Amino acid sequence: MKLIPTTRNLFMFFAVLTFTTFFFQCKNETKSPVKTTHNTTFLKAPEGFSVEEIGADLGAVRHLTVTQNGDIYANRSVLKDGKAIVLLKDTEDDGIMDKQQFFADVPGTGILVKDNYLYTSSNSAVFRYKLNDAHEVIDTGTPEKIVDGLVDMGRDNAKPFAIDNDANLYVTIGSWNDACRDNESNTGSMPCAILDSAGGVWKFKADKLDQTFADGTRYATGVKNAVGITWNFKTNSLFVTDHGRGGLHNFYPELYTEKQDRELPAETLYELKEYDNAGWPYTYYDHFKKKRILAPEYGGDGEQTGGEDAIMPLMAFPAHLGPNDLLFYTGDMFPEKYKDGAFIAFHNQSQELKKGFFVAFIPFKNGKPNGDWEIFLDNFAGFDLANPSEGTLQHRPCGLAQGPDGALYVCDDFGGSIFKITY
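Just so it is clear, the model here is predicted, and its values are computed rather than measured.

If you trace the four strands from one edge of the open sheet to the other, you get S18-S19-S20-S24, paired in antiparallel fashion. Whereas interior strands pair on both sides, the edge strands pair on one side only; in this sheet they are strand S18 (228-232) and strand S24 (315-317). The mean angle between the axes of side-by-side strands here comes to 20°, regardless of whether they run parallel or antiparallel. Pairing of S18 with strand S19 (residues 237-242) involves five bridges; the strand directions are antiparallel. Looking across to S19, one finds that Trp231 is bridged to Leu238.

Structure representation (structure tokens):
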């Protein structure tokens, strides 16, 4: 049968050809429609706030940052389709993120736009990409390496970071050993050798290329795993949220009950000055006793205090909540009570509260907490955690960012969503 080249056939031929060409040009970029469900009624926010899901099915988006023109960059801890970094862009200036771009082949957590660069981190290094005047990465294929060779032992190995206005780069190096414990003797090493290369925050230069671990200085020690880390430009100081240790009952059942194992020790918020010691692994903070307790690996019995040379936390939270990001709100969109206060993304749940997977808020005044913490955005889990048989986990809040208009953004590394909170 002979094919007659009708107008319709020619139209179909060129349509297929055009689509094929476009597909191969844009295989790492998608444009309208970007999949979102906009079904955020399950998230509970204070009265007057609205929540919109602006990105979905994005994979393990850990931390995120927003440019001055509203573009969103997020870093993934697990590659999806071979790429780590996500860019969401509103090309029509209508409030809809209608473009997605993906690049970088090394997964990680930290990401921050600062001084015309996009800084990102893997589990062992920090990189940067030059931005153009439109806040877009000029060359996605060849980032500059700021520092490499940071220890990565496979556990608690994320390298979140903060940058101040003097081009100082502060990088968390978490400990892979929960209490610097020798598994054979069940005791802690003294001194803890891990503290030479982990369990603290190290300082490098953000504007110097090809640094190694040896080029940095230990800014603060005794911080087990500060996944939440940020520079507060109003107080001109570094703040971190630290994950507490575990295993108290498992390793020392004669000293700690199962209930105590679920409720101790506290997760903590610190303001860190240079040379500070936050007490890990020799001590932990007990939020019931409001004291620093000597760890059982170092002779403690659950009652004996210790760590006289260690700083005290600014605030303590129930055990195992997993504070994974920290943001000081400087925008004008939210009510006055939120100005200069701190938001914390909690990535896990507390058996003590029978709550979890929420974003909390702490009011601040004159650079210090001014009142109790409260749950700001709740129910990421999607069901009542007091009745776990009622549902399956939907989301785990992990990263926080503030937009140029004062909106708050939260990313979720379990469900792969990014949420925008406005007032």
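Linking two cysteines covalently via their sulfur atoms produces the bond known as a disulfide. With the rule as written, the count across this model stands at one disulfide. Here Cys180 connects covalently by a disulfide to Cys192, the sulfurs 2.1 Å from one another. What sets the handedness of the Cys180 and Cys192 disulfide is the S-S torsion sign, and at about 100° it is right-handed. Linking Cys180 in the loop between strand S12 (168-173) and strand S13 (181-182) with Cys192 in the loop between strand S14 (187-188) and strand S15 (200-205), this pair joins segments that are twelve residues apart in sequence. The cysteine Cys398 is free of any disulfide, with Cys411 supplying the nearest cysteine sulfur at 5.7 Å. Judged by relative accessible area, Cys398 falls into the buried class, the value being 0%. Cys411 gets classed as buried once you look at its relative accessible area, which sits at 0%.

Turning to the environment of Phe204, a few remarks are in order. Among the structural elements, Phe204 can be located in strand S15. Along the primary structure Phe204 and Tyr219 are separated by 15 residues, whereas in three dimensions their C-alpha atoms are 9.4 Å apart. Apart from the residues within four sequence positions on either side, Phe204 is in contact with Val147, Leu150, Ala167, Asn168, Leu169, Val171, Gln211, Thr212, Phe213, Asp215 and Gly216.

For the structure shown, the criterion picks out 20 salt bridges. Glu144 is the salt-bridge partner of Arg128, the closest N and O atoms lying 2.6 Å from each other. Of this pair, Arg128 sits in strand S9 (residues 126-130) while Glu144 is found in strand S10 (residues 144-148), placing the two residues 16 residues apart along the sequence. Assessed through its relative accessible area of 31%, Glu144 is described here as partly exposed. When the shortest N-O distance is used, the salt bridge between Glu303 and Lys289 registers 3.7 Å. Pair noted here: Glu303 is in the loop between strand S23 (291-294) and S24 and Lys289 is in the loop between strand S22 (283-286) and S23, with a separation of 14 residues, a long-range link. In this structure, a network of salt bridges that share partners links the residues Arg155, Asp156, Asp178 and Lys224.

Below, the discussion takes up the packing of aromatic side chains. Inspection of the entire model under this criterion finds 30 aromatic pairs. Judged by centre distance (4.9 Å) and plane angle (85°), the rings of Phe49 and Phe334 are edge-to-face. Here the residue Phe49 occupies a position in the loop between strand S1 (29-31) and strand S2 (50-55), and Phe334 occupies one in the loop between strand S25 (323-328) and strand S26 (342-350), the gap between them amounting to 285 residues. A single burial state applies to Phe49 and to Phe334, both of which are buried. Through successive ring pairs, a cluster of aromatic residues spans Phe49, Tyr329, Phe334, Tyr338, Phe343, Phe361, Phe376 and Tyr423. Above the ring of Tyr117, the side-chain terminus of Arg128 is found at 3.9 Å from the ring centroid. The side chain of Arg181 reaches across the aromatic face of Phe251, ending 3.7 Å from its centre.

This next bit is on the confidence of the model for the protein. Low-pLDDT stretches of the model should not have their predicted coordinates read in fine detail. Of the residues in the protein, 90% have a pLDDT of 70 or more, and the chain-wide mean is 91. Here residues 1-27 is a poorly scored stretch, pLDDT under 50, and it has three contacts once near neighbours within four places are set aside; other chains count. Predicted confidence is poor over residues 30-39, with pLDDT under 50, and the contacts of this stretch with residues over four places away or in other chains come to 22 contacts.

Basis of the calculations
Residues numbered from 1 in each chain as written. Predicted model: local features only at pLDDT ≥ 70, side-chain atom pairs only at ≥ 80, totals over all residues. Heavy atoms only, no water. Pairing = 2+ DSSP bridges. Helix = DSSP H or I, 4+ residues; strand = E, 2+ residues; numbered from the N terminus. Axes fitted to C-alpha atoms, helices over the stretch in contact; angles between N-to-C directions. Disulfide = S-S within 2.5 Å. Buried < 20%, exposed > 50% of the residue type's maximum accessible area, 1.4 Å probe, protein only. Contact = heavy atoms within 4.5 Å. Salt bridge = Lys/Arg side-chain N within 4 Å of Asp/Glu carboxyl O. Phe/Tyr/Trp six-rings, centres within 6.5 Å; stacked < 30°, edge-to-face > 60°. Lys NZ or Arg CZ within 6 Å of the ring centre and 35° of its normal. pLDDT = per-residue confidence, 0-100.

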